[in-house]
Amino acid sequence: MSQDHPPIDWTYPQPRAGLAGVLDKLIGPGATRAERLLQILVPSVAAIAAPLYAATMGQSWSWVQYLLCMVLAFDLVGGVVTNATSSAKRWYHRNGQGFAQHVGFTAAHLLHLLLVAWLYLDNDWTWAAIAGGYLLAAADLILMVPVYLQRPTALILYLGGLVVGLWLLPTPPGLDWFLPVFYLKLLVSHLPREEPYRPVTGD
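Here is what the cut-offs are and how they apply
- Residues numbered from 1 in each chain as written.
- Predicted model: local features only at pLDDT ≥ 70, side-chain atom pairs only at ≥ 80, totals over all residues.
- Heavy atoms only, no water.
- Helix = DSSP H or I, 4+ residues; strand = E, 2+ residues; numbered from the N terminus.
- Buried < 20%, exposed > 50% of the residue type's maximum accessible area, 1.4 Å probe, protein only.
- Expected span 1.5 Å × (residues − 1).
- Contact = heavy atoms within 4.5 Å.
- Patch = residues over 30% accessible without salt bridge, like charges linked within 9 Å, V, L, I, M, F, W, Y side chains within 5 Å.
- Areas by Shrake-Rupley, 256 points an atom, 1.4 Å probe, with all protein chains shown as cover.
- Salt bridge = Lys/Arg side-chain N within 4 Å of Asp/Glu carboxyl O.
- Core = buried A, V, L, I, M, F, W, Y, C linked by side-chain atoms within 4.5 Å.
- Phe/Tyr/Trp six-rings, centres within 6.5 Å; stacked < 30°, edge-to-face > 60°.
- Lys NZ or Arg CZ within 6 Å of the ring centre and 35° of its normal.

Chemist: How would you explain unusual backbone geometry if you had to name every residue and give the values?
Modeler: In this model, Asp-122 sits at a positive phi of 55 degrees, which is unusual for a non-glycine residue. Residue placement: Asp-122 occurs in the loop between helix H6 (110-119) and helix H7 (125-144). Residue Asn-123 is not a glycine yet carries a positive backbone phi of 60 degrees. The residue Asn-123 is located in the loop between H6 and H7 in this model. Note on Asn-123: relative accessible area 37%, which makes it partly exposed.

Shown next as structure tokens:
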């Protein structure tokens, strides 16, 4: 099989036992060494850069706010990378993972919005409601279109999310990256069903 035509394989190994199995269910069983490396390095850099960026913006946050900023950056940037990997695609889009499961995964991230509204926007629940409402409406649309239209639909709705996050809603000081990365993780990386390409040789 040439590199121009890498194999597509929807089969996956069963998750391992114990803590290793918990990791498998997060990143997809059978993740390659290169995939795992990307999922560690990139969000780790983001977790360091995000609070440093806020500090350079002159934010006088509490240690709780700085800690949450670090956690959010690691989770969201890590989610962008992880959900885009082939190992995660074949796991999260395996048989039995349908509309309800994908909406449930997406809806669980509403907690992120509530935390940001509480700790960084002085209890601006309207902000959380609008940002969350757009997320759920966009997710429903992506899941309702035919699979061959999911990727362009997701990208169109992500552009709409940028308008919502950068121009229509107030931007949390020091967290102007939050909604763009939040929508990127869920609408673009996670929801579209895409081919799980596998390495031609080895890891």
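Chemist: So, helix H8 (residues 147-168): which residues are in play, and what are the values?
Modeler: Here H8 contains 22 residues, and its C-alpha end-to-end distance of 30 Å stays within 8% of the 32 Å for a straight helix at 1.5 Å per residue. Those residues of H8 lying buried are Gln-150, Thr-153, Ala-154, Leu-157, Tyr-158, Gly-161, Leu-162, Val-164 and Gly-165. Contacts from the buried residues of H8 go to H7 and helix H9 (178-190).

Chemist: Provide a residue-level description of a nonpolar patch on the surface, including the pertinent values.
Modeler: On the surface, a nonpolar cluster with roughly 450 Å² of combined accessible area is contributed by Leu-37, Leu-38, Ile-40, Leu-41 and Val-42. If you trace the backbone, Leu-37 turns up in helix H2 (residues 33-56).

Chemist: I'd like a rundown of the nonpolar core, residues and numbers included.
Modeler: Within the largest apolar cluster, 42 residues are counted, with the highest numbers of intra-cluster contacts made by Trp-127, Trp-177, Phe-178, Leu-179, Phe-182 and Tyr-183. For this core, the elements supplying multiple residues, two or more each, are H2, helix H3 (63-84), H6, H7, H8 and H9. Those residues in contact with Leu-179 that lie beyond four places of it in its chain are Leu-113, Trp-127, Ala-131, Gly-165 and Leu-169.

Chemist: Quick one: what's the story with the packing of aromatic side chains, residue by residue and with numbers?
Modeler: Per the counting criterion, the structure on display carries nine aromatic pairs. Here the aromatic rings of Trp-177 and Phe-178 are separated by 6.3 Å at their centres, their planes lie at 65 degrees, and the arrangement is edge-to-face. Of the two residues, Trp-177 and Phe-178, neither departs from the other in class, the shared state being buried. Residue classification places Phe-178 among the buried positions, given a relative accessible area of 0%. Within the aromatic cluster, the residues linked to one another by ring pairs are Trp-127, Tyr-134, Trp-177, Phe-178, Phe-182 and Tyr-183. In this arrangement the basic side chain of Arg-94 is found over the ring face of Trp-91, its NZ or CZ atom lying 3.7 Å from the centre.

Chemist: Go over the environment of Trp-125, please, and point to the residues and values.
Modeler: Structurally, Trp-125 is set in helix H7. When the C-alpha positions of Trp-125 and Leu-114 are compared, they lie 7.3 Å apart, and in sequence the two are eleven residues distant. Sequence-distant contacts of Trp-125, defined by excluding residues within four places in its chain, comprise Leu-114, Ala-117 and Trp-118.

Chemist: Give me H9: which residues, what numbers.
Modeler: With 13 residues, H9 extends 17 Å from end C-alpha to end C-alpha; this agrees with the ideal 18 Å at 1.5 Å per step. Among the 13 residues of H9, twelve are classified as buried, and the element is accordingly described as predominantly covered. Turning to H9, its buried residues number three or more, namely Phe-178, Leu-179, Pro-180, Val-181, Phe-182, Tyr-183, Lys-185, Leu-186, Leu-187, Val-188, Ser-189 and His-190. Each element contacted by the buried residues of H9 is listed here: H3, helix H4 (86-92), helix H5 (99-108), H6, H7 and H8.

Chemist: Before we move on, could you go through the pattern of salt bridges and cite the residues and values that matter?
Modeler: Where charged atoms from two side chains of opposite charge come close, those side chains can pair. For the structure shown, the criterion picks out four salt bridges. Here Asp-75 and Lys-185 are joined by a salt bridge, their closest N and O atoms 3.3 Å apart. With Asp-75 in helix H3 and Lys-185 in helix H9, this pair connects stretches of sequence that are 110 residues apart. Since its relative accessible area comes to 4%, Lys-185 is described here as buried. The salt bridge partner of Glu-194 is Lys-89, with a shortest N-O separation of 3.3 Å. Of this pair, Glu-194 sits in the segment after H9 while Lys-89 is found in helix H4, placing the two residues 105 residues apart along the sequence. Salt bridges sharing common partners tie together Lys-89, Arg-151 and Glu-194.

That's the geometry; what it means functionally is another story.
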